[in-house]
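Tertiary structure, described
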Amino acid sequence: MHAGLPSVINDFLEYRSLNAEFAVGLLVRNEDAEILKALEALMNNADTHARCVLACLQAQKAWNWQIESEVLLQIYADNHG
């Protein structure tokens, strides 16, 4: 995501939640046909690819260590302070 590259993502609960916030890729079950379909969509559909790239660029602003480190420090402060 930080490289601006759309992903084919396992459809796990947490990944689904993150992808709902920023659709940085296509969710798939662990099935060959579904993975192939997602890869083909990213490679052959310019709109899908561009939409995911834009989401990656937006997610970079929210999903980064500078922001997450502040969240982590607040958790520590709340639990030990």
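I will try to describe carefully the structure that is included in this document. (Residues numbered from 1 in each chain as written. Predicted model: local features only at pLDDT ≥ 70, side-chain atom pairs only at ≥ 80, totals over all residues. Heavy atoms only, no water.)

1. Side note on the nonpolar core
Soluble globular proteins: nonpolar side chains tend toward being buried together. Here is the rule: Take the buried residues of types Ala, Val, Leu, Ile, Met, Phe, Trp, Tyr and Cys, join any two whose side-chain atoms come within 4.5 Å, and each joined set is a nonpolar core. Note on classification: 1.4 Å probe, protein chains only; a residue is buried when its accessible area is under 20% of the maximum for its type, exposed when over 50%, partly exposed between these limits. Strands are runs of DSSP state E lasting at least two residues, helices are runs of H or I lasting at least four, and both sets are numbered from the N terminus onward. Contacts are assigned to residue pairs with any non-hydrogen atoms lying within 4.5 Å of each other.
Counting seven residues, the largest nonpolar core consists of Ile 9, Phe 22, Val 24, Ala 55, Cys 56, Ala 59 and Trp 63. Tallying contributions element by element places helix H3 (residues 46-62) first for this core, with three residues. Val 24 has contacts with Met 1, Leu 5, Pro 6, Ser 7, Ile 9, Asn 19, Cys 52, Ala 55, Cys 56, Ala 59 and Trp 63, leaving out every residue within four places of it along the chain. In terms of nonpolar packing, the next biggest core, distinct from the first, is built from five residues, Leu 26, Val 28, Ala 38 and Leu 42 among them.

2. Description of a nonpolar patch on the surface
Worth spelling out the cut-off: Only residues whose relative accessible area exceeds 30% and that take part in no salt bridge are eligible for patches, with like-charged residues grouped when within 9 Å of each other and nonpolar side chains (Val, Leu, Ile, Met, Phe, Trp, Tyr) grouped when within 5 Å. Note on areas: these come from Shrake-Rupley sampling with a 1.4 Å probe, and a residue is covered only by the protein chains present in the view. Salt bridges are counted wherever a side-chain nitrogen of Lys or Arg sits within 4 Å of a carboxyl oxygen of Asp or Glu.
On the surface, Trp 65, Ile 67, Val 71, Leu 72, Leu 73, Ile 75 and Tyr 76 cluster together to form a nonpolar patch covering roughly 690 Å² of accessible area. With respect to the helices and strands, the residue Tyr 76 is situated in helix H4 (residues 65-80).

3. What about the packing of aromatic side chains?
What counts is decided by this rule: When the centres of two rings from Phe, Tyr and Trp lie within 6.5 Å, Trp using its six-membered ring, the rings pair. Their planes under 30 degrees apart give stacked, over 60 give edge-to-face, and anything left gives tilted.
A complete count under the given rule lists two aromatic pairs for this structure. Arranged with centres 5.3 Å apart and planes meeting at 90°, the rings of Phe 22 and Trp 63 form a pair that is edge-to-face. Here Phe 22 is found in the loop between helix H1 (13-21) and strand E2 (25-28), whereas its partner Trp 63 is found in the loop between H3 and H4, with 41 residues between them in sequence. Classification of Phe 22 by relative accessible area gives buried; the value is 16%.

4. A look at the pairing of strand E1 (residues 7-10)
Put simply, the rule is: Two strands qualify as a pair provided that DSSP identifies no fewer than 2 bridges between them. Viewed with both strands pointing away, a crossover whose connecting path from the first strand over the helix to the second turns clockwise is right-handed.
Two strands pair when backbone bridges link them, and E1 and E2 are joined in this way by four bridges, in the parallel orientation. The residue bridging Ser 7 from the neighbouring strand is Gly 25, located in E2. Crossover E1 to E2 through H1 is right-handed.

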